[in-house]
Amino acid sequence: HVVDATGKTIMPAIVDPHAHHHREHTGVLPRRNFEAAVYLAYGVTTTMDPIGWSAAVFPEAEMIEAGLTVGPRVFSTGENMSPGDGARANEIGSYAEAEHEINRLLDWGAIALKQYGQPRRAQRQWIADIARRNGLMVTGEGADLPFNLGTTMDGQTGFEHPMSYTPLYPDVAKFFGQAKAVYSPTFVVGGASAWNEQYFWQSEDLWKDEKQRSWLPWRHLIPTTRRRMLRPETDYTFPMIAQGMADVIAEGGFGAIGSHGQHHGIGSHWEMWMVATAMDPMQTLEVATMHGARFLGLHEDIGSLEPGKLADLVVLNANPLDDIRSTADIELVMKAGTLYRA
């Protein structure tokens, strides 16, 4: 039976019990999709893809909810709203054209929009205004400080990638905090020096990890994790980026983690561990859960354990409040009341 979030039956469903034996693909999307399943195995019950191909990401989301494939619940902006005419983007030359593009994404199922470097402020304002009228979140590709200040003033609800300034001065942190902006640094690809994911490649023999080898094809795992650059820890800027995010949060704003699709599954934990260089373990967990839910505009349904919310939880073998790296020591994962062995 198909049920809603409360467990009430909506309609009966007829399921072919042999379907999974002889049909590994539905259309062009794989039934056994490691890129989705690996996140659930690492305790991620909800994902947000801020740039997705609509014809792939929204059908994938429905396949997961229908039980045809295993993975976290998936939300997306669909295609990013980038400047100019391109393969999956149209020029936004007027308010009406912005509305047409946004309606197209809404029809696919977008819950948010990704404003990606629209060159004129009027264009960015059109997107924010139409999103506001339709109850959509608006995230964006972060850029320099004046750009981020401007998009926040115009109503954009968040932005991704680290601000290049360290430290953030109090007036900047206060502005983003009082605006209730969401700062998602994407630590793994951030930094004025080396990308921070390389810190974990050099500090761990990741290619030997049994869970990684179980979930990732060798061509995704082996090349980057066996051939690695060794650098002094001080070459990596994640502690400074984390402090900037912590300052925004201290002023009333929000943060978010993500792994940029870089190193699937474990990358989400790397992000938490980098946050923990500037915040205590409980604050780190709040950023990874409640703040992330707010970034999606779904904080009334997910992000914390409360009556009426979806039953998502992770059972760990050790206490992350004692050691934040225990977030990856997972025994069980529950998504909407369904329990999985991690």
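No experiment lies behind these values; they were computed from the predicted model shown.

Across its full length, the chain holds 13 helices and 14 strands. A globule of 342 residues ought to have a C-alpha radius of gyration of about 20 Å, and the chain, at 20 Å, matches this closely. The principal-axis extents of the C-alpha atoms in the chain amount to approximately 60 × 50 × 40 Å. Relative to its full complement of 342 residues, the chain shows a buried share of 46%. For the chain, contacts bridging at least 24 residues in sequence account for 67% of all contacts bridging at least 6. For the chain, the exposed area adds up to about 17,200 Å²; of that, 55% sits on carbon and sulfur atoms. The distance from the centre of the 28 positive side-chain charges to the centre of the 41 negative ones in the chain is 4 Å.

For the rest of this paragraph, the subject is the nonpolar core. Counting 39 residues, the largest nonpolar core has Phe176, Phe187, Met245 and Trp270 as its most contacted members. Of all the secondary-structure elements, those providing two or more residues to this core are helix H2 (34–41), helix H7 (170–178), helix H8 (197–203), helix H11 (238–250) and helix H12 (266–275). Counting residues per element, this core draws most heavily on H11, at seven residues. When sequence neighbours within four positions are dropped, the list of residues in contact with phenylalanine 187 reads Asn196, Phe238, Ile241, Ala242, Met245, Glu271, Met274 and Val275.

Glancing now at the environment of lysine 114. Positionally, lysine 114 belongs in strand S7 (residues 112–115). Note on lysine 114: relative accessible area 2%, which makes it buried. The spacing of lysine 114 and isoleucine 257 is 143 residues in sequence and 16 Å in space, taken between C-alpha atoms. Setting aside chain neighbours within four positions, we find lysine 114 in contact with Pro50, Ile51, Thr77, Asn80, Met81, Thr139, Gly140, Glu141 and Glu160. Side chain to side chain, lysine 114 and glutamate 160 meet in a polar contact 2.7 Å long.

Scored by pLDDT, the chain comes out at a mean of 90, with 92% of its residues at no less than 70. The low-confidence segment residues 9–25, where pLDDT is below 50, has 21 contacts with residues more than four positions distant or belonging to other chains.

Once that is clear, we can look at helix H13 (residues 281–296). Here H13 is 16 residues long and its end C-alpha atoms lie 22 Å apart, about the 22 Å a rise of 1.5 Å per residue gives. At valine 287, H13 shows its maximal kink, close to 35°. For H13, the N-terminal cap is aspartate 280; the gap from its side-chain oxygen to the backbone nitrogen of methionine 282 is 3.1 Å. In the segment just after H13, glycine 297 is the residue with positive phi, at about 75°.

Quick look at H11 now. Relative to the 18 Å expected for 13 residues at 1.5 Å per residue, H11 spans 18 Å between its end C-alpha atoms, a close match to the ideal helical length. Among the residues making up H11, those that are buried are Phe238, Ile241, Ala242, Gly244, Met245, Ala246, Val248 and Ile249. The elements touched by buried residues of H11 are H7, strand S10 (182–184), H8, strand S11 (254–255), H12 and H13. Note on H11: the residue one or two positions beyond its end, glycine 252, has a positive phi of about 110°.

Let us look at the pairing of strand S8 (residues 137–140). Remember that side chains alternate between the two faces of the sheet whenever the strand is regular. The alternating pattern of S8 places Met137 and Thr139 on one face and Val138 and Gly140 on the opposite face, and all of these are buried. Direction of pairing for S7 relative to S8: parallel, over a ladder of four bridges. The residue bridging lysine 114 from the neighbouring strand is threonine 139, located in S8. Where the polypeptide runs from S7 across helix H5 (residues 121–134) and back to S8, its parallel neighbour, the crossover connection is right-handed.

Another point: the sheet that holds strand S9 (residues 158–160). Whether parallel or antiparallel, the strands of a sheet pair through hydrogen bonds between backbone atoms. Strand order in the open sheet formed by three strands is S9-S10-S11, and the pairing between neighbours is parallel. Both edges of this open sheet fall to S9 and S11, since each of them pairs with a single strand only.

The rules behind each value
- Residues numbered from 1 in each chain as written.
- Predicted model: local features only at pLDDT ≥ 70, side-chain atom pairs only at ≥ 80, totals over all residues.
- Heavy atoms only, no water.
- Helix = DSSP H or I, 4+ residues; strand = E, 2+ residues; numbered from the N terminus.
- Rg over C-alpha atoms; globule rule 2.2 N^0.38 Å.
- Buried < 20%, exposed > 50% of the residue type's maximum accessible area, 1.4 Å probe, protein only.
- Contact = heavy atoms within 4.5 Å.
- Areas by Shrake-Rupley, 256 points an atom, 1.4 Å probe, with all protein chains shown as cover.
- Lys, Arg positive; Asp, Glu negative; His and termini not counted.
- Charge placed at Lys NZ, Arg CZ, Asp CG, Glu CD.
- Core = buried A, V, L, I, M, F, W, Y, C linked by side-chain atoms within 4.5 Å.
- Polar contact = N/O pair within 3.5 Å; in protein donor to acceptor, adjacent residues only side chain to side chain.
- pLDDT = per-residue confidence, 0-100.
- Expected span 1.5 Å × (residues − 1).
- Bend = angle between axes of the 7 residues up to and from the residue.
- Pairing = 2+ DSSP bridges.
- Right-handed = clockwise from strand over helix to strand, strands pointing away.

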